[in-house]
Amino acid sequence: MRLEDKTAVITGAARGIGLFTARRFAAEGARVALCDVDETAGRKAVEEIQETSPDSLFFYLDVTDRKSITVAAEGIVSRLSGIDVLINNAGIKADAQLAGMEESDWDRVIDVNLKGVFNCTQVISRIMARGGGGRIVNATSVVAHYGNFGQTNYVASKTGVIGMTRVWARELGPKGITVNAVAPGFIDTEMARSVPKNILDRFKERTPLGRLGRPEEVANAYLFLASDEASFITGTVLNVDGGLVF
Ligand code: NAD
């Protein structure tokens, strides 16, 4: 098993890619700390995960609230013994064209997708460094490479995540911590379901593999970068996009 005896923290684990990642990590022997703002879905999710990984737990964690991150991290360390892996997966979108984008939507998306990754990494990398190392994987997106119509805030946040990934690879490498990013294309989750069908069809046409991705296909990339197999990989962005080019 590829994550035997490891503790993995996954943000945004109550549904979508995060939940599939929790399932995959549990099957590979990890104790999973499922973290989310959605307590109802998170508690339901952890019941399922505990059937495979009985020590796994749900923690309320809002990536925009540093206090909640510190409280959750302390709980994880004391109840699950240290933190080996952090998957910064939580993310939101609030699309609008530049001319009509509300300032509150800009702030909200940057706060969750960009500052949230900073908040969690700052708190948890300190714990990892004390433990002698770890693996951090950040969720970016294929749109960070190309831009995307109507996504000023989202693209800014996801491009920023790539930048932070490269900085932290340098800063945290000497502490034994690798930091990488995964850039999904269009993946069949709630997030993609809110995109109009004609736009999704256009993206499918531009994808050599001719379909949306499955959340488990992103989970597999997170798993690889979290595992010992990726021990000499840091500061990179792994695209999981079926070959999509805009
Ligand atoms: P999703 O909307 O299905 O799930 C996101 C989860 O994050 C939810 O459980 C939600 O409650 C949680 N969350 C939201 N705000 C939070 C906060 N402040 N603190 C903690 N948790 C919070 O999304 P998904 O499709 O599974 O996407 C997962 C990640 O992958 C996101 O970062 C997203 O931007 C990225 N991504 C998704 C796609 C896609 O097509 N689905 C493509 C590229 C990148």
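A brief look at the structure comes next. Bear in mind the structure is a predicted one, so any value in this text is a computation, not a measurement.

### Here's the deal with the packing of aromatic side chains
Stage number 1. Applying the stated criterion across every chain, the model contains three aromatic pairs.
Stage number 2. Following the ring pairs from residue to residue traces out a cluster consisting of Tyr146, Phe186, Phe203 and Phe246.
Stage number 3. Above the face of the Phe20 ring, Arg23 is positioned so that its terminal group lies 4.8 Å from the ring centre.

### Examining the sheet that holds strand β2 (residues 31–36)
Stage number 1. Strand order in the open sheet made by the seven strands is β3-β2-β1-β4-β5-β6-β7, with parallel pairing throughout. Since the sheet does not close on itself, it has two edges, and those belong to β3 (57–60) and β7 (237–240), each with one partner. Sheet twist, expressed as the average angle between the axes of neighbouring strands with direction ignored, equals 20°.
Stage number 2. Bridge count between strand β1 (residues 7–11) and strand β4 (residues 85–88): three bridges; the pairing is parallel. When the bridges of β4 are listed, Ile10 appears paired with Ile87.
Stage number 3. Helix α9 (residues 215–226) rests against β4, β5 (134–139), β6 (177–184) and β7 of the sheet, and its axis sits at about 165° to β6.

### Some details on the packing of helix α1 (residues 16–27) against α9
Stage number 1. Between α1 and α9, whose axes approach to 8 Å, the crossing angle comes to 55°. Between α1 and α9, the crossing angle belongs to the class labelled oblique. Every pair of crossing elements has a handedness; the one defined by α1 and α9 is right-handed. Within the contact between the two elements, α1 uses Gly16, Ile17, Phe20, Thr21, Arg24 and Phe25 and α9 uses Pro215, Glu216, Val218, Ala219, Asn220, Tyr222, Leu223 and Ala226.
Stage number 2. Grouping the constituent residues of the contact of α1 with α9 by class yields nine nonpolar, three polar and two charged.

### Considerations on the pattern of salt bridges
Stage number 1. One pass over the full model with this rule turns up 14 salt bridges.
Stage number 2. Linking Glu28 and Arg24 is a salt bridge whose minimum nitrogen-to-oxygen distance equals 3.0 Å.
Stage number 3. Between Lys204 and Asp201 there is a salt bridge; the shortest N-O distance is 3.9 Å. With Lys204 and Asp201 both in helix α8 (residues 197–205) and three residues apart, the pair spans about one turn of that helix.
Stage number 4. We classify Lys204 as partly exposed; its relative accessible area is 31%.
Stage number 5. The class for Asp201 is partly exposed, based on a relative accessible area of 26%.
Stage number 6. Salt bridges linked by common partners bring Arg211, Arg214, Glu216 and Glu217 together as one network.

Quick notes on the rules
- Counting of residues starts from 1 at the beginning of each chain's written sequence and follows it residue by residue.
- Whole-chain, interface and lining totals are the exception, using all residues; otherwise, since this is a predicted model, local features are given only for residues with pLDDT of at least 70 and side-chain atom pairs are given and counted only at 80 or more.
- By convention in this description, side-chain values take in all heavy atoms of the structure and omit both hydrogens and water.
- What counts as a ring pair is set by centres within 6.5 Å for rings of Phe, Tyr and Trp (its six-membered ring), and what kind of pair is set by the plane angle: stacked under 30 degrees, edge-to-face over 60, tilted for all other angles.
- Only when the NZ of Lys or the CZ of Arg is both within 6 Å of the ring centre and within 35 degrees of the ring normal is a charge said to sit over the ring.
- Pairing between two strands requires that DSSP report at least two bridges joining them.
- Secondary structure counts use DSSP, requiring at least four H or I residues in a row for a helix and at least two E residues in a row for a strand, with both numbered from the N terminus.
- Lines fitted to C-alpha atoms define the axes here, with helix axes fitted over just the stretch in contact, and angles between the N-to-C directions of these axes take values from 0 to 180 degrees.
- The contact criterion used throughout is that any non-hydrogen atoms of two residues lie within 4.5 Å.
- Throughout this description, any angle smaller than 35 degrees is read as roughly parallel, any larger than 145 degrees as roughly antiparallel, any in the 65 to 115 degree range as roughly perpendicular, and the remainder as oblique.
- Crossing handedness: left-handed means the near helix sits turned counterclockwise from the far one by under a right angle, and right-handed means the same turn made clockwise.
- Three categories are distinguished: nonpolar for Ala, Val, Leu, Ile, Met, Phe, Trp, Tyr, Cys and Pro, charged for Asp, Glu, Lys and Arg, and polar for the others, with Gly belonging to the last.
- For this analysis, a salt bridge means a side-chain nitrogen from Lys or Arg found within 4 Å of a carboxyl oxygen belonging to Asp or Glu.
- Categorising residues by exposure relies on relative accessible area from a 1.4 Å probe, with only protein chains included: less than 20% of the type maximum marks a residue as buried, more than 50% marks it as exposed, and the intermediate range marks it as partly exposed.

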